[in-house]
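Geometric and topological summary
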Amino acid sequence: MRRIRDSQPDRPVSLPAVGTLVNEPAFAELVREHGRARVVEAIRAQIAAERDDGADGSARYAAVAARLQAGVTPKLRRVINASGVVLHTNLGRAPLSKSAIDALSVAAGYSNLELDLETGKRGERSSLAAGLLTALFGCEAASVVNNNAAAVLLALTALCKGKEVIVSRGQLVEIGGAFRMPDVMRLSGARMVEVGTTNRTRAADYEDAITSRTAALLRVHTSNFRVTGFTESATLGQLAEVAKRHGVLLIDDLGSGATEAIGDEPTVAESLQHCDVVTFSGDKLLGGPQAGIVLGHSEAITKMSRHPLARAVRVDKLTLAALEATLSQRLTGHADDIPIERMLHAPVEDVRRRAAMWSVKLAERGVETRLVESSSAVGGGSLPEHALPTVLLAVIGPASRLVAALRRGAPPVIARVENDQCCVDPRTVLKGEDETLIDVVEVAAASIRR
Ligand SMILES: *Cc1c(COP(=O)(O)O)cnc(C)c1O
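These figures come from a predicted structure and were not determined experimentally. (Residues numbered from 1 in each chain as written. Predicted model: local features only at pLDDT ≥ 70, side-chain atom pairs only at ≥ 80, totals over all residues. Heavy atoms only, no water.)

A few words on the overall build of the chain. For the chain, the helix and strand inventory stands at 18 helices and 16 strands. Counting over 450 residues, the chain shows a buried share of 47%. The average position of the 54 basic charges and that of the 53 acidic charges among the side chains of the chain differ by 6 Å. (Helix = DSSP H or I, 4+ residues; strand = E, 2+ residues; numbered from the N terminus. Buried < 20%, exposed > 50% of the residue type's maximum accessible area, 1.4 Å probe, protein only. Lys, Arg positive; Asp, Glu negative; His and termini not counted. Charge placed at Lys NZ, Arg CZ, Asp CG, Glu CD.)

This structure, assessed with the given rule, holds two cavities of 30 Å³ or more. The volume enclosed by the second largest cavity comes to roughly 60 Å³. Lining the second largest cavity, in full, are Ala258, Thr259, Glu260, Ile262, Leu285, Glu341, Leu344 and His345. Here the lining of the second largest cavity is built from residues that sort into four nonpolar, two polar and two charged. Taken domain by domain, the makeup of the lining of the second largest cavity includes at least three residues from each of domain 2 (80-87 + 341-449) and domain 3 (98-334). (1 Å grid on protein atoms, 1.4 Å probe; cavity = no way out; pocket = protein on both sides within 12 Å on 5 of 7 lines; lining within 4 Å. Points joined across faces, edges and corners; volume = space filled by probe spheres on them. Nonpolar A, V, L, I, M, F, W, Y, C, P; charged D, E, K, R; others polar. Domains from an automatic or database assignment.)

Here we come to the site of the ligand. Every residue close to the ligand is listed here: Arg93, Asn147, Asn148, Ala149, Ile175, Phe179, His221, Ser223, Asp253, Gly255, Ser281 and Lys284. Between the ligand and lysine 284, the relevant distance is 2.7 Å, taken from an oxygen atom to a side-chain nitrogen or oxygen of the residue. Mapped onto the shell around the ligand, the elements with two or more residues apiece are helix H7 (148-160) and strand E9 (249-255). Its residues assigned to classes, the shell around the ligand shows three nonpolar, six polar and three charged. (Near = heavy atom within 4 Å. Polar contact = N/O pair within 3.5 Å; in protein donor to acceptor, adjacent residues only side chain to side chain.)

This next bit is on the domain arrangement of the chain. According to the domain assignment, the chain contains domain 1 (18-72), domain 2 (80-87 + 341-449) and domain 3 (98-334). Each of domain 2 and domain 3 has a C-alpha centre, and the two are 34 Å apart. Taken together, the contact between domain 2 and domain 3 spans 12 residues of the former and 15 residues of the latter. Here domain 2 and domain 3 share an interface that buries about 1000 Å² over both sides, 59% of which is from carbon and sulfur atoms. Counting across the interface, domain 2 meets domain 3 through one salt bridge. Ionic pairing is found between arginine 330 and glutamate 341, a salt bridge with its closest N-O pair at 2.7 Å. One can count two residue pairs in polar contact (both at pLDDT 80 or more) joining domain 2 with domain 3. At the level of elements, helix H15 (339-345) and strand E13 (382-395) are the ones that each hand at least two residues to the side of domain 2 that touches domain 3. Examining the composition of the side of domain 2 that touches domain 3, we find that five residues originate from one element, E13, more than from any other. When the residues that make up the side of domain 2 that touches domain 3 are grouped by side-chain class, the tally is five nonpolar, five polar and two charged. (Contact = heavy atoms within 4.5 Å. Buried area = accessible area lost by both parts, 1.4 Å probe. Salt bridge = Lys/Arg side-chain N within 4 Å of Asp/Glu carboxyl O.)

In any sheet, the strands associate via hydrogen bonds between backbone groups, in a parallel or an antiparallel arrangement. Taken in spatial order, the five strands of this open sheet run E2-E12-E13-E16-E15, and their pairing is mixed. A strand with exactly one partner marks an edge of an open sheet, and here the two such strands are strand E2 (85-87) and strand E15 (416-418). Along the sheet, successive strands turn relative to each other by an average axial angle of 45°, direction set aside. Sheet topology note: the E13/strand E16 (residues 421-424) ladder contains three bridges and is antiparallel. By the bridge assignment for E16, valine 395 is matched with cysteine 422. On top of the sheet, helix H16 (residues 348-364) reaches strand E12 (369-379), E13 and E16; it is set at about 30° to E13, its chief contact. Helix-sheet contacts for helix H17 (residues 399-407) involve E13, E15 and E16, and the interaxial angle to E16 is about 35°. (Pairing = 2+ DSSP bridges. Axes fitted to C-alpha atoms, helices over the stretch in contact; angles between N-to-C directions.)

Let's shift gears to the packing of helix H6 (residues 127-137) against helix H14 (residues 317-331). One way to put it is that H6 packs onto H14 with a least axis distance of 9 Å and a crossing angle of 25°. Judged by the inter-axis angle, H6 sits roughly parallel to H14. Of the two elements, H6 crosses H14, and the hand of that crossing is left-handed. Facing H6, whose interface residues are Leu128, Ala129, Leu132, Leu133, Ala135 and Leu136, H14 presents Leu320, Leu323, Glu324, Leu327, Arg330 and Leu331. For the contact of H6 with H14, the per-class residue count stands at 10 nonpolar, no polar and two charged. (Parallel < 35°, antiparallel > 145°, perpendicular 65-115°, else oblique. Left-handed = near helix turned anticlockwise from the far one by under 90°.)

Right, let's talk about the packing of aromatic side chains for a bit. One pass over the full model with this rule turns up two aromatic pairs. On the numbers, 5.6 Å between centres and 55° between planes, the contact of phenylalanine 27 with tyrosine 61 is tilted. Placement of phenylalanine 27 in the loop between helix H1 (18-21) and helix H2 (28-34) and of tyrosine 61 in helix H4 (residues 60-72) is noted, with a sequence separation of 34 residues between them. Seen in terms of ring centroids, phenylalanine 137 and phenylalanine 280 are 5.8 Å apart; in terms of plane orientation they differ by 75°. Their pairing is edge-to-face. Of this pair, phenylalanine 137 sits in helix H6 while phenylalanine 280 sits in strand E10 (residues 277-281); the two residues are 143 residues apart in sequence, bridging distant segments of the chain. With respect to class, phenylalanine 137 is no different from phenylalanine 280; both count as buried. Taking the ring centre of phenylalanine 230 as reference, the NZ or CZ of arginine 200 above it sits at 3.9 Å. (Phe/Tyr/Trp six-rings, centres within 6.5 Å; stacked < 30°, edge-to-face > 60°. Lys NZ or Arg CZ within 6 Å of the ring centre and 35° of its normal.)

Here's what the structure looks like:
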């Protein structure tokens, strides 16, 4: 129990008992709405706060109501990503396209999720996106799970459990949020056989490690870091030769799933050319919802789909709907309608024009800014060294206070500090968000001046 500190005897000590307060008529409505127990808890917290700041309790009712309201308001809010990081992990990676968002409402009601409308028989949910995936990537078979971590775990469990999997020491990666390859391997029941060194692993290292217990060679894309200098790694083509010679699988955890060449990122097409199973995320470079995409040879994919773990990591219907819409856009030549495609490909001159337009509008509202040449990042653990040239708008003023004020805006604007300046990057701001962003910047700048 907290006590009133007697070191400050001049403070009001006439704090009423919570049990008495909650019975006051003023609180009756809140009790009806939120239940007695929660109101008691909120009153207790409010009185403790009043005690700490020496408040007199005159605003107590409103404060308690606000506390209760805050407790029932969903925490997830739309934010404007002005950080310049396209696939911002903290901001939900890829924003969905308009048609993917529309598709969510189809799946939200009843749908033919697992019903074949032709035959009236039970259908397979993962077959929904499979046709689009095989068409888009030109592979034999496809399936979709919850995320790429699940895809890797399922591949190793269904195809390699109790057997050995050979992986380079240079590829024992950790992806944000505790996805560590050795841990995933252990969890799958496959035995990890490490070969090579941190900086150099050759095809012969894999071949020398193959035994009768080997199920697969695993390539893990070192998506979120680069080793430079004295390095060597086996190409997928070389690994495929080794795998074929010994009758073992070649599995590729591709990570980002680039559909076309960007920076030094390996592409899905190249990977499919050589591997039996390829996995990557739906919400990185594909620009769709969180999902784990699995592509490859029918036999392996079928084995994965039939494994009991597949049910535990299955994809949900909202995701499938958004993924189908995204894939369909890519198949029909409308990839430009996928937000991250626009962001990744926007010419720097377009970004500059947008920054300049914001600058003019803000000047009209008395907010001083300047344009700064800089670069945006792909993010999401993809292409760590691939910088996209950009033009930032720096808001003149105390940087960290401005960034915090923008973050508390309505909606929150996520800016970044660069060279001690609060900067917003037009590259990652969605189409149609310009006016809102300008309003939030204006309010934030005014709040600092006060
Ligand atoms: C991002 C990534 C993962 C994890 O994918 P999620 O979709 O976040 O589960 C696994 N492996 C690699 C190489 C990655 O880049």
